[in-house]
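Residues per chain are reported as follows:
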Amino acid sequence: MLRHAKSDWSDSSLKDVDRPLNARGQKSVPAIGRFMADNRLFPDLILCSTAQRTRETLAGIMPFLPREGEVRLLRALYDQSEDSYIPQIRKQGGTAHTLLVIGHNPATEETAHELFGSGPADLKADMEAKYPSGGLCVLDFDLEDWSKLIPETGQLIHFVKPRNLMSS
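First things first, this report covers the structure right here in the doc. (Residues numbered from 1 in each chain as written. Predicted model: local features only at pLDDT ≥ 70, side-chain atom pairs only at ≥ 80, totals over all residues. Heavy atoms only, no water.)

What follows concerns the pattern of salt bridges. Oppositely charged side chains can pair when the atoms bearing their charge come close. For the structure shown, the criterion picks out 6 salt bridges. Close ionic contact of Asp79 with Arg75 constitutes a salt bridge, the shortest N to O distance being 2.8 Å. Here Arg75 and Asp79 lie together in helix 3 (residues 75–79), a separation of 4 residues that amounts to about one turn. A relative accessible area of 45% places Arg75 in the partly exposed class. Several salt bridges share partner residues, and in doing so they unite Asp16, Arg19 and Arg53 into one network. (Salt bridge = Lys/Arg side-chain N within 4 Å of Asp/Glu carboxyl O. Helix = DSSP H or I, 4+ residues; strand = E, 2+ residues; numbered from the N terminus. Buried < 20%, exposed > 50% of the residue type's maximum accessible area, 1.4 Å probe, protein only.)

Laid out in structure tokens, this is it:
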């Protein structure tokens, strides 16, 4: 679960869906991509909201990922950004071994919390304290098909924030 990087609010004439990343967001995205590559977090399938800021986040991590993965831009991830993404994951995930969802809050954070079942207490506490723009939550599941995804069954492997990645 990847929340889009920091977005730009400076142009009030833009529709929310059209807001781009700000300079800080653009700078943080390569750090996220590098973390993914260093930890061999290579998605077979990426589900990404159609909003400008999520597409820019996707574009920024792509240079760090192998080219074999499939990308699906889904308006539903933008439209349902106030709700859980579990229904979209079940519907769209298929049999992908590794799935990445790039979305918005509160849905990204809410979904990560709903899926958490076990994992290091310090990572869980960090995720509960704040799920910032560019935050990446990595959960592991024992399932063959995403349509069978059940809340509270994910094992939390990583939770990283851009500012921590950029200071290391």
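More follows now that the structure is in view.
Our next topic: the environment of Ile86. Locating Ile86 in the fold gives a position in helix 4 (residues 86–92). As a C-alpha pair, Ile86 and Leu115 span 29 residues in sequence and 8.4 Å in three-dimensional space.

Below, the discussion takes up empty space enclosed by the protein. Applying the stated rule across the entire model yields 1 cavity of 30 Å³ or more. By volume, the largest cavity is sized at about 40 Å³. Lining the largest cavity are Pro43, Ile46, Met62, Leu65, Pro66, Gly69 and Glu70. The class makeup of the residues in the lining of the largest cavity is 5 nonpolar, 1 polar and 1 charged. (1 Å grid on protein atoms, 1.4 Å probe; cavity = no way out; pocket = protein on both sides within 12 Å on 5 of 7 lines; lining within 4 Å. Points joined across faces, edges and corners; volume = space filled by probe spheres on them. Nonpolar A, V, L, I, M, F, W, Y, C, P; charged D, E, K, R; others polar.)

Turning to helix 2 (residues 52–61), a few remarks are in order. Looking only at helix 2, the buried set comprises Arg53, Thr54, Thr57, Leu58 and Ile61. Down the axis of helix 2, the sector holding all buried residues measures 140°, keeping them to one side. For helix 2, the elements touching its buried residues are strand 1 (2–3), helix 1 (23–38), strand 2 (45–49), strand 3 (70–74), helix 3 and strand 4 (99–103). (Arc of directions from axis to C-beta. Contact = heavy atoms within 4.5 Å.)

Moving on to the side chain of Asn22. By the secondary structure assignment, Asn22 is in the loop between strand 1 and helix 1. A polar side-chain atom of Asn22 sits 3.4 Å from the main-chain carbonyl oxygen of Ser7. Filtering out sequence-adjacent residues up to four positions away, Asn22 remains in contact with Lys6, Ser7 and Asp8. (Polar contact = N/O pair within 3.5 Å; in protein donor to acceptor, adjacent residues only side chain to side chain.)

Don't take any of this as a statement about function, it's just geometry.
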